[in-house]
Protein chains: 2
Amino acid sequence: MRFRAMALAALATALIVPLAQAEDGYRLWLRYTAPASGVAFTPSNIVTGCDDPSPTIRKSLDELDIAFESLTGSKLPRGEAPGQGALVLASAACNDGFAQTDRPDVSGLGQDGYTISTLATGDGDAVLIAGQSDAGLMYGVFDLLMRTSRGEDVRGLSVEEAPSVDLRLLNHWDNLDRHVERGYAGQSIWNWHLLPDFLDRRYEDYARANASIGINGVSLTNVNADATVLTPPYLEKVAALADVFRPYGIKVYLTARFSAPMELDGLPTADPVNEDVQEWWQAKADEIYARIPDFGGFLVKANSEGQPGPQDYGRSHAEGANMLADALEPHGGVVMWRAFVYSAEEPEDRVKQAYTEFKPLDGAFRDNVIVQVKNGPLDFQPREPFHPLFGAMEDTPLALELQVTKEYLGFSTHLAYLGTLWEEVLSADTYVYGQGSTVAKVVDGALTGEPLTAIAGVSNIGSDRNWTGSHFDQANWYAFGRLAWNPEASAERIARDWAALTFSTGPEARDVIVDMMMASREAVVNYMTPLGLTHLMGTGHHYGPAPWVDDLGRADWTPYYYHRATKDAIGFDRTQTGSNAIAQYAEPLRENWSDIATTPDELLLWFHRVPWDHEMKSGRTLWEALVDHYDRGVSQVGELKVHWQSLEGAIDRERLREVSAYLDIQAKEARWWRDASLAYWMSVNGLDLPAGTEPPAHDLGYYKALEFPNAPGQGE
Amino acid sequence: MRFRAMALAALATALIVPLAQAEDGYRLWLRYTAPASGVAFTPSNIVTGCDDPSPTIRKSLDELDIAFESLTGSKLPRGEAPGQGALVLASAACNDGFAQTDRPDVSGLGQDGYTISTLATGDGDAVLIAGQSDAGLMYGVFDLLMRTSRGEDVRGLSVEEAPSVDLRLLNHWDNLDRHVERGYAGQSIWNWHLLPDFLDRRYEDYARANASIGINGVSLTNVNADATVLTPPYLEKVAALADVFRPYGIKVYLTARFSAPMELDGLPTADPVNEDVQEWWQAKADEIYARIPDFGGFLVKANSEGQPGPQDYGRSHAEGANMLADALEPHGGVVMWRAFVYSAEEPEDRVKQAYTEFKPLDGAFRDNVIVQVKNGPLDFQPREPFHPLFGAMEDTPLALELQVTKEYLGFSTHLAYLGTLWEEVLSADTYVYGQGSTVAKVVDGALTGEPLTAIAGVSNIGSDRNWTGSHFDQANWYAFGRLAWNPEASAERIARDWAALTFSTGPEARDVIVDMMMASREAVVNYMTPLGLTHLMGTGHHYGPAPWVDDLGRADWTPYYYHRATKDAIGFDRTQTGSNAIAQYAEPLRENWSDIATTPDELLLWFHRVPWDHEMKSGRTLWEALVDHYDRGVSQVGELKVHWQSLEGAIDRERLREVSAYLDIQAKEARWWRDASLAYWMSVNGLDLPAGTEPPAHDLGYYKALEFPNAPGQGE
């Protein structure tokens, strides 16, 4: 008989990765793989001044063990006393046997601050991490581990770090049935049915990841709230999660449904001035704190999109928020009251409404109320101007709400690094306190002197193995934490750190990935909503283009409401001649943005209604410029694919394959956005495409007919 | 300063498993870890007679590489010619260069059969795996790998294997929005939104697992069907999955919504005798086969629980099934038509209905129609008598439908090995063709001579990392495949093989696990529905006890309908003096089960209405016996916990911890079942508990008040 070796088979085999070592993304940026340059410094041992270490210090030591075992193959021994090459951990909360003189003064760094410095010992220098609190010490440990993982030598460092913002929260829009509203990463990671009895290991790995980037609070439930979470069986489940998170310095928050007293205990009203209602919430707060002594507080969406609220009883947002604040105050809890509101009646211009409703309430809120404001006045679009409430509320703490999950930027498949979007908002100048009054300085209290500061991010985390539905969306979770800690941090620096920890410390590969990330969000703006266009996504699911929709329950739900395209012109006039939303901004923004000539192209159609043949700064017509942006967006995605392919061999095969497949989807959908949008605009303005422009692949009818009944993440 | 080493910290650390090596259950029974006794035989190389191996043979070679790399640390080299110690692969479909004389005659084994034997070569003996088809060869490869993983020496083996059943299918009750009806393992593994562009690696690992146990068909969608899956965009997604499964010998099936012609194309009717309707289905079948040449066929739930069907037009189930069968016949497809029906009108006894409706249709179905019948006449209860249709349909192929997911046996948390339940059904004697007319012999065609045979299992698979929501539920997926291949296989032997592959080949640990599995289902029967009681679960979600419910839309939805407990007696009289359901069974069953004295205790209250003070064979009253069963169920779960704890050190810490937590939940819920049931029975019969019996922990009101609005797996 003849027999042959199987080249083909060998080839096929090469594509299969043994399951155990698979780079499936579960470990996030905590992979602790040895850097390309090797581990620069391995401490001789770990010493700490604690007789009886707190749970937080024990978790910090666990993390050091996990990290160094993975980085070097063996855990660091525990030492009795600090000597040459030791790693010394010290916190004020853990100072027995630790002489004051030996500890650097960290009192000025506040609760969560830390230092990494050199400690001179009898027989040489040791590395000292010192924190005012155990949590601060833990943040220092993670910092040291991240630096080591990136190849840095931590000897001789002189780091002094403290967060600029007090409350750094993730907001999960997770329902109790595990459906995640605007979630694109599987189900909720909270398995309510099996809590409190079964604690999925994911809960602790989730806490580790959050602690590593400084996140110190988690709101577990959807802002479209279900009162059931406030019942005893569910509070027992919540308490079990709080117990897992506590050692990592993370507090639990819940969304409070304003009508809960009626739904849970049959009260006839939820009117905040009603004494029975006030007592109900006080009793509920007492009940919660009896189970969860460090409960963070309530996050509330009221009188918005059909949610119940104080206005149902003719009371103001302040009256509603203060009633809940009074119930939490004795326990030290806070109320995060969302400013994302729009009334049942159709407004002349929806983007004006939050300002209109909340500005008059400035100063009317209790000290433990924070008004939570989205980055822009509309709704987490690929690009918006900053929200005019920033700077406008001088006597009210404002929390910045960012959306980490990509509801409007391509779900989990499109590569869109949001660090640049958030940096754009945080560095935007409100001019309210003169030049340099950036949103960042408003949010961190530098300008307002507010004692209570907060940043919240709407989570993109789910049950998918890689946590966020795509490998690159992990970067948005990471960047959110880093920017919440320091709103003036550089998005590019954050991208570089993340890429090194997640994919490769090799500078070439890392820089390719960083370049992709830095270009990615503008590509999405180009193929979805260029030149200040906004909210053109498919109705309800927000998947794909639907600029033609103009016939929903209310006008301000339709894309048409936002672009108002006619044969002659396109755009929303928000100047004095229009809705005058521009008046909500300070000078010189008001003046600059009132004039097309001084309005940046990227916000042109947000503020102005512009003729199709308007001559742009570039000399081209608006129509030509618009077409060019769509084409640029499509070609930018093509470039992402080329860059990514260049990494073959530099990163693991598995993630290379998965990201490639996602980039193919993004390329297909970018083309879809471009073609469907152009087909519609042409049907409205009757213009031809500029010479040499590729026509849409299908006619408008084709795009209008597409349906997505099972698109993920829809509201229920 | 004083410093101390951290014993506590070291302890905490010991509990953390490095993520990469975690035994998280993903690898199922394909872990390929070296057996305790070592790998008995490692082939010197692999040789095959194929110039150009088929995809199926390439996958078989991939599997050998994955397995031996994991078992021995290195892949087997490819050989040019068979010699001493070689592993030789041969299939009739791949016989170039393979002389007929050298191949054992496998023609008698049919499509999927294979042999493992010794091949004498010039320089010594080789191990030969031979199959009639490439699929048969692949099954042989998996058999050899499982034996090797369990520590068996495969040299000198003389194995001749062939499945007794042609179609071995998993039925997924998965909706297109990824909700799984009666699913307790997360979401559907079919990510419809990202198909066909993104192929999750899970799809191939799922196919590998199925192929390893002989499953050769998969129905992807819920029997409560959505016609959307028959539209072109979804058929493209289905085709992508079919392409992944094809090399593993797995065909794709879909559920066909009977009203699809009306919903998708606006036909005025779905009447099966209407020519437009017939043509619509013929065109749809052509369209499907153009994309999926080996499409398996349709699974249909019609005129049951509100689903549309032929009876809507006064046509019979046969007329409906035959219309679809005619559309599939030219392409070689089959229709699996479910006999789980009950009419809109309330029946006098629901368990009689399938027989009443289908028995008269015997012989009226096309040759490519299989009537799919649940194991029992009610609905996948912890215990039922076998379905009376088995044996009653002499001229109609019957498929046995088993439920792998534990809708009525404690969801994913309760340990309940279903191998014993299924063995009980398969070995049950229908007596229709004389003694020994077991359900197994009816299903595999041995008695009926039916050319087309099938077994279907309702999947328990989801997006959870461990696939099935619990480690032990993997055993039910495994056992289903093994019993579908050989309905006369031993449930205990299957448990032993699974435990060795999944947990430990060490005989002591393995036997402890097998003992736990073999005792587990009877424990569930004892604490949920002893002595022939049935369907006492909470309404809708079927989570927990609710025997008191008696006021639903229709009586046969209520637990009360099934137990009919009054002050004097309990049970459902199905003898001549009652519903006479007993007449649907053959003699001598009819006679035996008509008399309390000759009715087995385990079916007593299923067939008889019995006074509480009835004297049992044991001499105790029925009430005393009932209480004893509940107590036994609770104590059996206690024993499971003790056995499991004895495995500490013998199996990995991670699964030890997870299963322990689940057993704690089971113990808590077993006690809940016992207490709630006793509290209710006592409220009905007014009897005291036997002396020394522990009273329920709460009063009946407490149990009645419990609500589970978010219990998983509910219908939508």
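Just so you know, these numbers come straight off a predicted model, no measurement behind them. The written sequence of each chain sets the order in which its residues are numbered from 1. A letter from A marks each chain and a number from 1 marks each ligand, given out in the order of writing. For a predicted model such as this one, the threshold for reporting local features is a pLDDT of at least 70, and the threshold for listing and counting side-chain atom pairs is 80 or more; totals across whole chains, interfaces and linings nevertheless cover every residue. The basis for every side-chain value is the complete set of heavy atoms in the structure, and neither hydrogens nor water enter the calculation.

Further remarks concern the confidence of the model for chain A. All names here are of chain A. Overall, the prediction assigns chain A a mean pLDDT of 94, with 95% of residues at 70 or greater. Note that pLDDT drops below 50 for residues 1–20; the model gives that stretch 52 contacts with residues more than four away or on any other chain. Predicted as a complex, the structure gets a pTM of 0.96 and an ipTM equal to 0.95. Values of pLDDT, which run from 0 to 100, indicate the predictor's confidence residue by residue. Contacts are assigned to residue pairs that have any heavy atoms within 4.5 Å of one another.

Residues and elements named next belong to chain A. One speaks of a salt bridge when a side-chain nitrogen belonging to Lys or Arg is within 4 Å of a carboxyl oxygen belonging to Asp or Glu. Applying the stated criterion across every chain yields a total of 98 salt bridges over all chains. Arg632 is the salt-bridge partner of Asp628, the closest N and O atoms lying 2.6 Å from each other. With Asp628 and Arg632 both in helix α18 (residues 622–645) and 4 residues apart, the pair spans about one turn of that helix. Taken together, the salt bridges that share partners define one network made up of Asp143, Arg147, Arg150, Glu152, Arg482, Arg493 and Asp497. Note on conventions: DSSP H or I runs of at least 4 residues are helices, E runs of at least 2 residues are strands, and numbering of each starts at the N terminus.

Let us look at the packing of helix α3 (residues 134–149) of chain B against helix α4 (residues 201–212) of chain B. Residue and element names in this part refer to chain B. Axis definition: a line fitted to C-alpha atoms, limited for helices to the stretch in contact. Angles are taken between N-to-C directions and run from 0 to 180 degrees. For the pair α3 and α4, interaxial distance at closest approach is 9 Å and the crossing angle is 85°. Considering their axes alone, α3 and α4 lie roughly perpendicular with respect to each other. Listed contacts from α4 to Met138, Tyr139 and Phe142 of α3 are Arg208, Ala211 and Ser212. Under the scheme applied here, ten amino acids are nonpolar (Ala, Val, Leu, Ile, Met, Phe, Trp, Tyr, Cys and Pro), four are charged (Asp, Glu, Lys and Arg), and all others, including Gly, are polar. Broken down by class, the residue content of the contact of α3 with α4 amounts to 4 nonpolar, 1 polar and 1 charged. Throughout this description, any angle smaller than 35 degrees is read as roughly parallel, any larger than 145 degrees as roughly antiparallel, any in the 65 to 115 degree range as roughly perpendicular, and the remainder as oblique.

Here the focus is the sheet that holds strand β8 (residues 251–255) of chain B. What holds strands together in a sheet is hydrogen bonding between their backbones, with the strands either parallel or antiparallel. All names here are of chain B. In spatial order, the strands read β6-β7-β8-β9-β10-β11-β12-β13; together these 8 strands close into a barrel with parallel pairing. Sheet twist, expressed as the average angle between the axes of neighbouring strands with direction ignored, equals 25°. In this sheet, strand β13 (residues 454–458) lies alongside strand β6 (residues 167–171) in parallel orientation, the contact comprising 5 bridges. Across the sheet, Leu169 pairs through a bridge with Ala456, a residue of β13. At least two DSSP bridges between two strands are required for those strands to pair.

Turning next to the packing of helix α7 (residues 275–291) of chain B against helix α8 (residues 317–328) of chain B. All names here are of chain B. For the pair α7 and α8, the least separation of the axes is 8 Å and the interaxial angle reads 40°. Relative to α8, α7 is oriented oblique. Here α7 and α8 pass one another in a crossing that is right-handed. Contacts from Val277, Gln278, Trp281, Gln282, Ala285 and Tyr289 in α7 reach Met323, Leu324, Ala327 and Leu328 in α8. A clockwise turn of the near helix away from the far one marks a right-handed crossing, whereas an anticlockwise turn of less than a right angle marks a left-handed crossing.

What follows is about the domain arrangement of chain A. Residues and elements named next belong to chain A. For chain A, the assigned domains are domain 1 (29–161), domain 2 (167–503) and domain 3 (526–572 + 609–705). Domain limits in this description derive from either an automatic procedure or a database domain assignment. Each of domain 2 and domain 3 has a C-alpha centre, and these two points are 31 Å apart. Taken together, the contacts link 29 residues of domain 2 with 28 residues of domain 3. For the domain 2 and domain 3 pair, buried surface summed over both sides reaches about 2500 Å², with 55% attributable to carbon and sulfur atoms. Think of a polar contact as two N or O atoms within 3.5 Å of one another; within protein, one of them needs to be a possible hydrogen donor and the other a possible acceptor, and neighboring residues in sequence only count if both atoms come from side chains. Across the contact surface, domain 2 and domain 3 share 15 residue pairs in polar contact (both at pLDDT 80 or more). Counted by class, the side of domain 2 that touches domain 3 contains 11 nonpolar, 10 polar and 8 charged residues. Take the accessible area each of two parts loses on contact, using a 1.4 Å probe, and add the two losses: that sum is the buried area.

So, about the packing of aromatic side chains. The geometry of an aromatic ring pair is captured by two quantities: the separation of the ring centres and the angle between the planes. Aromatic rings from Phe, Tyr and Trp, taking only the six-membered ring of Trp, are treated as a pair when their centres fall within 6.5 Å; an angle between ring planes under 30 degrees marks them as stacked, one over 60 as edge-to-face, and anything in between as tilted. Applying the stated criterion across every chain, the model contains 84 aromatic pairs over all chains. Both rings, one in B:Trp29 and one in B:Trp477, keep their centres 5.2 Å apart while their planes meet at 80°; by these two values the pair is edge-to-face. Pair noted here: B:Trp29 is in the loop between α1 (7–14) and β1 (46–48) and B:Trp477 is in helix α12 (residues 474–485), with a separation of 448 residues, a long-range link. Residue classification places B:Trp477 among the buried residues on the basis of a relative accessible area of 0%. Through successive ring pairs, a cluster of aromatic residues spans A:Tyr26, A:Trp29, A:Trp190, A:Tyr203, A:Tyr206, A:Phe245, A:Trp467, A:Trp477 and A:Tyr478. Stacked on the ring of A:Trp606, the Lys or Arg A:Arg574 has its end atom at 4.9 Å from the ring centre. A cation over an aromatic ring shows up here: B:Arg202 above the ring of B:Trp467, its NZ or CZ 4.3 Å from the ring centre. A 1.4 Å probe rolled over the protein chains alone gives each residue an accessible area, and that area as a share of the maximum for its type sets the label: buried under 20%, exposed over 50%, partly exposed in between. Criterion for a charge above a ring: Arg CZ or Lys NZ at most 6 Å from the ring centre, at most 35 degrees from the ring normal.

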